[in-house]
Amino acid sequence: MPVTQDLRVSVQNMSCASCVGRVERALSALPGVEEVNVNLAAETAQVRIDSETRIPELIDALDRAGYPVRTQTIRLNVSSMSCASCVGRVDKALAAVPGVLEVNVNLASETATVTYVEGAMKISDLMKAATDAGYPAEPADSVLPEEHSARKAGEARDLARKTAFAATLALPVFLLEMGAHLVPGMHEMIGRTIGHQTSWMIQFALTTVVLFWPGRHFYAKGFPALLKGAPDMNSLVAVGTGAAYLYSLTALFAPALLPVASRAVYFEAAAVIVVLILLGRWMEARAKGRTGAAIQKLLGLQARTARVLVDGEPQDVAIERIGTGDILVVRPGERIAVDGDVTQGSAHVDESMITGEPVPVSKSEGDPVTGGTVNGTGSFQFRATRVGADTTLAQIIRMVEQAQGAKLPIQGLVDRITLWFVPAVMALAALTVLVWLLVGPSPSLSYALVAGVSVLIIACPCAMGLATPTSIMVGTGRAAEMGVLFRKGDALQRLTSVNVIALDKTGTVTQGRPELTDMVLADGVDRADILALVAAVETQSEHPIAEAIVRAAQAENAARHDVESFESITGYGVRAKVAGHEVLVGADRLMVREGLSIGSLVEAEGRLAVLGRTALFAAVDGRVAAVLGVSDPVKPASAAAIGALHRLGLEVAMITGDKRETADAIARETGIDHVIAGVLPDGKVAALNELRQGGRRIAFVGDGINDAPALAHADVGIAIGTGTDVAIESADVVLMSGDLRGVVNAFEVSGRTMRNIRQNLFWAFGYNVALIPVAAGVLYPTFGLLLSPVLAAGAMALSSVFVLTNALRLRRVRPIMEEARARGGEEATLLSPNPVAAE
């Protein structure tokens, strides 16, 4: 009799009784479903099934019916993982829990990210599954980052103590047995003094302490895993050192069981192997701690307290008690606690730790401020708008954690190999022993033991398991420090296959709002006077072009005048009386309509048109006085960034709803290759498909709500961080800076990280492919070389350290583009045509 199980899942998209009926029919039609109860108010479905194996079929049926189940994601801290084989076993154990949809286990961060059907299981089920597999787990959220960091540091210190203790005991063992190879006559001296039997007894005593005190972890973990049929790295070490130790015990206490020629001890091999592997684990632990340095740095930006106005008086309040709407006081040099808007005062705020921009940003009443940034010289008050987990800094930390825990497509091959790697190594070691016993020279038993132990010890699934996740952790962390956030870790790999960058125009290539860019004056006209008169007229209009002229007048401190009369002339422009003058502002047709000559400024208007400017004429008291050029100006960094993208071998396209003339002018100014103009907001997806022809891969960069579909449709969506939340949520990569330099830096980090991963994988796999046959003795027949187990242990420990050290080089990656202060303003500059940075 099958055991039935009640399953309760949360269902999306149900809005009426007919939805309930459709959900019930979809579930009732499945084999093995005995009872269905759908609750519209609770948006749940209670199902009785005959087996847990029916859960995937149930989920698929609801998806097809248009009512997908709700899912949740949890991040677990997983202990005791030491190699890639451990990753595979944790993955398998968690994936077997009913209701789990996706599992991503990361060896470098020692975490597992699990996506599961809401209501189908409990968190305790996941924790139990991992613990039963030998890898205790707990929710990551239940451990404060400071506690996790302290725990990792404590693990490194514990390993350091064990390594030092083991090395102190192993050194005499090594000198007693191997000293004769280093010091002539030492073997005879030992025989004349303490005697070889006593030497062996000393080695036995010291090695026993090494193996069963600092090295006991390998046996406590390795043998149970072996007995379960799931051997790991600890099993290889346990079997290898155990074999050397037991062989030596036999030679010491029961020599009659061995041929005379094979009576030798290998205590030094067992002891030194444990020391070297502990040394490697300690170096790994230290390096792993450094891979998470970016997260620790971000966490360090969070203020612990803030000064909040309570009944008009500032009081120090813990950051956890700050609520939305509270008024906070920020003094010079203080770190801003939460996100908000300035209500009083002004200052220059250093936002470099969030955006990567080195120049302090001016803040005054109404401007937004970001938690984690540092106030400069001024003092101000601001109203909290986002607190706790909603702040920009908290969201950045979550994004970085998610990206660091991602599993790239390239990792799939590694996972498939490592699942059978350790069992294959053990089988190969057994085969090596057999071959040496059958065809090896005398003493064949000793040769067989040395070769078999070397094969077990030299194999390194640790390096294979660390190759990808360590590079991802360091690369995405460094990117965050540069203001580039990979919301989805696999975007790191996909970005390297992109051929074309498609850019939205407004707010991405350009500033996003019109500005007065040109003002050509007729002879004898004063700029300040004309600008003041025109601005007075335009204050009566709400048109964006009028606002641009008013802003320019304010920036130049132009005189302010009252408007005595105002008339809008539809289709032509406006007329007003200002400070006793009759003022006309409008297109050239307004001047013609009023019978005014524009001959002297026609050439200037033509030049503005070629540049994509909107030209307006201004006339005062019946005389044309000036032509004004208004446009959405190109951001200072855009041209340099597009040039840098070209140097990376990428084509650059621009998609805009603006008219062709304006778009072409911007393309000429910035060096854009392709222009798709006149595109309606819903046409950007079709424009991407047009660019995609020929199998090209597209990255789209945008910032507005209307960019969200294109960001989601592109192979990689890149959102400008100054844009809308909708655009950011649709993107794979978020740029905290407001211009295209971040795009260049994103490609730089992506390329270097993927190159680093390939280097690590080449080393990890190449090391094993090359050295396992050497350890087995393949060079002995020709060259008489047989690898010592001690050397094998050293090589194995160094392989993991090499991978981690290589990944840590990514911390030295520099931005290709930075902001430099230039005479007359700020501009984006390329550091060098071919910047030298760590890969």
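Residues numbered from 1 in each chain as written. Predicted model: local features only at pLDDT ≥ 70, side-chain atom pairs only at ≥ 80, totals over all residues. Heavy atoms only, no water.

Enquirer: Give me the packing of aromatic side chains: which residues, what numbers.
Expert: Going through the model one piece at a time under the given rule, you end up with 14 aromatic pairs. An angle of 25° between the planes, with centres 5.8 Å apart, marks the rings of Phe212 and Tyr219 as stacked. Owing to a relative accessible area of 11%, Tyr219 belongs among the buried residues under this scheme. Ring centres of Phe380 and Phe382 lie 6.2 Å apart, and the angle between their planes is 45°; this geometry places the pair in the tilted category. (Phe/Tyr/Trp six-rings, centres within 6.5 Å; stacked < 30°, edge-to-face > 60°. Buried < 20%, exposed > 50% of the residue type's maximum accessible area, 1.4 Å probe, protein only.)

Enquirer: Tell me about the UniProt feature "domain: HMA" (unreviewed entry) in the chain, and please be specific about residues and values.
Expert: Here the UniProt feature "domain: HMA" (unreviewed entry) sits at residues 5–70 and 72–138. Between the first and last C-alpha atoms of residues 72–138 the distance is 16 Å; the span itself is 33% helix and 34% strand. (UniProt positions renumbered as here; feature names shortened; annotations may be inferred. Helix = DSSP H or I, 4+ residues; strand = E, 2+ residues; numbered from the N terminus.)

Enquirer: Quick rundown of the sheet that holds strand 6 (residues 111–117)? Include the residues and the values.
Expert: The strand order across the open sheet built from 4 strands is 5-6-4-7, with neighbouring strands paired in antiparallel fashion. Of all the strands in the sheet, the pair left with one neighbour each is strand 5 (100–106) and strand 7 (137–139). Geometrically, the sheet is characterised by an average inter-axis angle of 25° between neighbouring strands, direction not taken into account. (Pairing = 2+ DSSP bridges. Axes fitted to C-alpha atoms, helices over the stretch in contact; angles between N-to-C directions.)

Enquirer: Account for the pattern of salt bridges, with residues named and values stated.
Expert: All chains considered together, the criterion is met by 29 salt bridges. Across the pair Glu748 and Arg752 runs a salt bridge whose closest N-O atoms are separated by 2.3 Å. With a gap of 4 residues between them, Glu748 and Arg752 both fall in helix 28 (residues 741–776), about one helical turn apart. One exposure class covers both Glu748 and Arg752, and it is buried. One continuous salt-bridge network, built from bridges that share partners, spans Glu567, Arg575, Arg593 and Glu594. (Salt bridge = Lys/Arg side-chain N within 4 Å of Asp/Glu carboxyl O.)

Enquirer: Can you break down empty space enclosed by the protein residue by residue, with the values?
Expert: Tallied over the entire structure, the rule returns 2 cavities of 30 Å³ or more. Quantified by volume, the second largest cavity comes out at close to 50 Å³. Counting residues per element, the ones that place at least two in the lining of the second largest cavity are helix 10 (267–291) and helix 30 (789–808). Residue contributions to the lining of the second largest cavity peak at 4 residues, all from helix 10. When grouped by side-chain class, the residues that make up the lining of the second largest cavity number 4 nonpolar, 2 polar and 2 charged. (1 Å grid on protein atoms, 1.4 Å probe; cavity = no way out; pocket = protein on both sides within 12 Å on 5 of 7 lines; lining within 4 Å. Points joined across faces, edges and corners; volume = space filled by probe spheres on them. Nonpolar A, V, L, I, M, F, W, Y, C, P; charged D, E, K, R; others polar.)

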